[in-house]
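Observations on the model geometry
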Amino acid sequence: MKLQFLGTGSGMPSKQRNVSGLAVTLAKQTWLIDCGEATQHQMLHTKVKPRKVSAVWVTHLHGDHVFGLPGFLSTRSALDGSSPLTLYGPKGIKKWLELTMKVTGSYLGYDLTIVEYEDGDTFEQDGHLVIVKRLDHRFPSYGFRIEAPERPGALLVDKVKALGIPSGPIYRTIKQSDTFEFEGKTYASKEYVTDAVPGPVVAILGDTVPCPNAAVLAEGVDVLVHEATFMHGEAKLARQYGHSTTVEAATLAKTVQAGRLIVTHISARYQGREDEFLDEVRSVFQNSLVANDFFEYTVGD
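For the structure given in this document, a descriptive report is provided here. (Residues numbered from 1 in each chain as written. Predicted model: local features only at pLDDT ≥ 70, side-chain atom pairs only at ≥ 80, totals over all residues. Heavy atoms only, no water.)

With that settled, the discussion passes to helix α4 (residues 93-103). Here α4 has its buried residues at I93, L97 and M101. The buried residues of α4 all sit within an arc of 45° when viewed along its axis, so they share a single face. For α4, the exposed residues lying more than 90 degrees away from the buried face are K95, L99, K102 and V103. Elements that come into contact with the buried residues of α4 comprise α3 (69-78), β5 (85-89) and β6 (112-116). (Buried < 20%, exposed > 50% of the residue type's maximum accessible area, 1.4 Å probe, protein only. Helix = DSSP H or I, 4+ residues; strand = E, 2+ residues; numbered from the N terminus. Arc of directions from axis to C-beta. Contact = heavy atoms within 4.5 Å.)

Okay, structure coming up:
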């Protein structure tokens, strides 16, 4: 699973950071988490292909998270994207998008399914389990816990060869079947394969102040993507606008024992203070990164 940050700023775009957009690349498909203004333009600087996007997950309906959506969906069609796409978002996204597309005369050459989720919903998309929980923002905002499927264990080649089995198609059979046969004898495959490997787990949170559901989504994840709009000195301002600080994001990562914290949604006021910003996050949780536009991070092997 690869995370590619298309926009890491808050509120409005700046020369350094576009508004919210995150591409999640899976084995065969790509998802978008939020689609702020100019997200499709940001894609032009990456290898992310609109035709490959099979799902868009919207954390909330503030403009800096959705204003790029009509343009992206239309461009996907113009680029001969024909495979279906599913859009997941909170209540109201269906009405807003359908009206926007109708008024602008936009036509999509593929099937678009719009799913309005609720707190506690779970979905399976591209073999991945997605858990949705409501967060605490001044506007209904949600976060996602994405659990990748487990991966098959590795073949114990030496042990298989000890049976006299040469390399060949039977190796695949051993890995994919409960039993296998060789020279008239049946064997249990689990004795010749290591245990399955759990898939990576990632939590991606929309705008929020610290709240219980954030911890539920982030418990024990490999990577936590959390907004940190303000530094600790502006904690009062953060609370006024329904956002988190560097210290609050890092404290959550430490509490839930996340493997890695990546902070995003950063106010333009910290331009030129990036080192100070990172130091403050790492003062609480050392295994932290501050995302910039086009930053890539691979989760798992």
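As a further point, take the sheet that holds strand β1 (residues 2-7). Overall, mixed pairing links the seven strands, which are arranged β6-β5-β4-β3-β2-β1-β16 in an open sheet. One side of each edge strand has no neighbouring strand; the edge strands of this open sheet are β6 and β16 (296-298). Between one strand axis and the next, the sheet turns through 20° on average, direction left out of account. As paired strands, β1 and strand β2 (residues 21-25) are joined by five bridges and run antiparallel to one another. Across the sheet, the residue bridging to G7 is G21, located in β2. Contacts from α4 reach β5 and β6, with the element oriented near 150° to β6. (Pairing = 2+ DSSP bridges. Axes fitted to C-alpha atoms, helices over the stretch in contact; angles between N-to-C directions.)

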